[in-house]
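What follows is each chain in one-letter form.
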Amino acid sequence: MSKAYVFTRNGGPEVEALVDRDRPVPGPGELLVAVRAAGVNPVDWKLRTGYSRPGSEPQPFPTVFGSEAAGVVEAVGPGAEGFAVGDEVFGNPVTGGYAEHTLLPVAVTAHKPAGLSFTDAAVLPVAAATAYDGVHQLGLAPGATLLVTGAGGGVGTAAVQIARHMGVRVIGAASEAKKDFVESLGAVHVPSGAGLADRVRAAAPDGIDAVFDLVGGDTLREAATLLADPATLVSAGGKQLAAELGGAPVERARTAAVLDAVADLVVEGVLRTYVTRTVPLAGAGEALRAVEDGHALGKSVIEVTA
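Let me sum up the structure you'll find in this document. (Residues numbered from 1 in each chain as written. Predicted model: local features only at pLDDT ≥ 70, side-chain atom pairs only at ≥ 80, totals over all residues. Heavy atoms only, no water.)

1. Points about the packing of helix α3 (residues 124–138) against helix α4 (residues 154–165)
Relative orientation of the contacting elements α3 and α4 amounts to 45°, with a least axis distance of 8 Å. The orientation of α3 with respect to α4, classified from their angle, is oblique. The handedness of the crossing between α3 and α4 is right-handed. Where α3 abuts α4, its residues Ala-127, Ala-128, Thr-130, Ala-131, Tyr-132, Val-135 and His-136 lie against Gly-154, Val-155, Ala-158, Ala-159, Ile-162 and Ala-163. Classifying every residue of the contact of α3 with α4 gives ten nonpolar, three polar and no charged. (Axes fitted to C-alpha atoms, helices over the stretch in contact; angles between N-to-C directions. Helix = DSSP H or I, 4+ residues; strand = E, 2+ residues; numbered from the N terminus. Parallel < 35°, antiparallel > 145°, perpendicular 65-115°, else oblique. Left-handed = near helix turned anticlockwise from the far one by under 90°. Contact = heavy atoms within 4.5 Å. Nonpolar A, V, L, I, M, F, W, Y, C, P; charged D, E, K, R; others polar.)

2. Focus on the sheet that holds strand β11 (residues 188–191)
Spatially, β11-β10-β9-β12-β13-β14 is the arrangement adopted by the six strands of the open sheet, whose pairing is parallel. Looking along the sheet, the strands with just one partner apiece sit at the ends: β11 and β14 (248–249). As judged from the four bridges shared by strand β10 (residues 169–174) and β11, these two strands associate in the parallel manner. Note on β11: the bridge partner recorded for Ala-173 is Val-190. Contacts from α3 reach β9 (145–149), β12 (210–213), β13 (233–235) and β14, with the element oriented near 160° to β12. Docked against the sheet, α4 engages β9, β10 and β12, running at close to 165° with respect to β10. (Pairing = 2+ DSSP bridges.)

3. Looking at the sheet that holds strand β1 (residues 2–7)
If you walk across this open sheet you meet the three strands as β2-β1-β4, and the pairing is antiparallel. Of all the strands in the sheet, the pair left with one neighbour each is β2 (16–21) and β4 (63–64). As defined by bridge partners, β1 adjoins β2 across six bridges and the pair is classed as antiparallel. What sits directly across from Tyr-5, in β2, is Leu-18.

4. Considering unusual backbone geometry
The omega torsion of the bond from Phe-61 to Pro-62 falls at -5°, within 30 degrees of zero and hence cis. Phi at Arg-254 is positive, roughly 50°, even though this residue is not glycine. For Arg-254, the location among the structural elements is in the loop between β14 and α9 (256–267).

5. Some thoughts on the nonpolar core
In this structure, Phe-90, Leu-124, Leu-146, Val-148 and Phe-212 are the most contacted members of the largest nonpolar core, which totals 51 residues. Among the elements that take part in this core, α3 stands out by supplying eight residues, more than any other. Those residues in contact with Leu-124 that lie beyond four places of it in its chain are Glu-68, Phe-90, Leu-116, Ala-129, Leu-259, Val-262, Ala-263, Val-266 and Thr-273. (Core = buried A, V, L, I, M, F, W, Y, C linked by side-chain atoms within 4.5 Å. Buried < 20%, exposed > 50% of the residue type's maximum accessible area, 1.4 Å probe, protein only.)

6. Observations concerning α3
Across its 15 residues, α3 extends 20 Å between first and last C-alpha, which sits within 8% of the 21 Å expected from 1.5 Å per residue. In terms of residue burial, α3 counts as a mostly covered element, since 13 of its 15 residues are buried. (Expected span 1.5 Å × (residues − 1).)

7. Details of empty space enclosed by the protein
Within the structure shown, the criterion is met by two cavities of 30 Å³ or more. In this structure, the largest cavity occupies an estimated 80 Å³ of space. What lines the largest cavity is Val-123, Leu-124, Ala-127, Ala-128, Gly-154, Thr-157, Ala-158, Gln-161, Leu-271, Arg-272, Thr-273 and Lys-299. Only α3 and α4 provide two or more residues apiece to the lining of the largest cavity. With four residues, α4 is the single largest residue contributor to the lining of the largest cavity. Here the residues of the lining of the largest cavity are counted per class, giving six nonpolar, four polar and two charged. (1 Å grid on protein atoms, 1.4 Å probe; cavity = no way out; pocket = protein on both sides within 12 Å on 5 of 7 lines; lining within 4 Å. Points joined across faces, edges and corners; volume = space filled by probe spheres on them.)

8. Concerning the packing of aromatic side chains
Inspection of every chain in the model, using the stated rule, returns five aromatic pairs. Centroid distance Phe-7 to Phe-61: 6.0 Å. Interplanar angle 65°. Geometry classified as edge-to-face. Placement of Phe-7 in strand β1 and of Phe-61 in the loop between α1 (42–49) and β4 is noted, with a sequence separation of 54 residues between them. Clustering of aromatic rings is evident, with ring pairs tying together Tyr-5, Phe-7, Phe-61, Phe-65 and Tyr-98. Over the ring of Phe-118 we find Lys-112; its NZ or CZ atom is 4.8 Å from the centre of that ring. (Phe/Tyr/Trp six-rings, centres within 6.5 Å; stacked < 30°, edge-to-face > 60°. Lys NZ or Arg CZ within 6 Å of the ring centre and 35° of its normal.)

Distances and angles like these do not, on their own, reveal function.
Below, the structure is given as structure tokens:
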């Protein structure tokens, strides 16, 4: 048997539980991985409440939390080429990451570099990869000015760093409590909330060239008014609204090549993961609450004992 943190039906925190389950069996193109660390993301609690990813099939209950994980290969399914038992890997699991064991499809699994910890690797497949995809989708030239909303969260933290590495000036919108943190990333901080557009204009009197939105709603609507060309807006926080405003959702590549790229950035010292909270598997609910409350700084990780 193998322990996993699950939700037993759609609802609030009361439907969460740590349970024993059969160890997953890898199918074609899959790896059985002994999890060492799993990243915590807003989508995790959203799925618990009934949200479903576009085009996805309903998952049977109980459903294991977690969309990103790192660990050690214990078994290789048919046709899962390029991997062997004992390999250290990270990627997007198909059977949840908040668990002692999970399955990773090789298409979205990468070898973990020796210089990268399991804890840091576990936060790359969702947050860092989304940031990488979004920044590259905008295709900004050095010297351009980018507004990142939600700059103090997991995706925002990575987006600011990647954009700064590309020579882009970044305005980071986040709560006042995250001001010092956002500025430490190399961004110009502006407080989030009503009146955002005026504060951004004051911080960037020559205007901004693009928006990478991670919040959605009224923040996204207000940020869009700052752009001369709405096509230079991408969003992971309000995908449908972004399209209605003339922008686009972040186009996720979901490939091992992107995972390799963000891992290299971490190893090279360009990208810091800013893991600010680690908990054991039994404390997964604590980490979820911090993310669900919307006040988490940086990334939270569940560490699983070998």
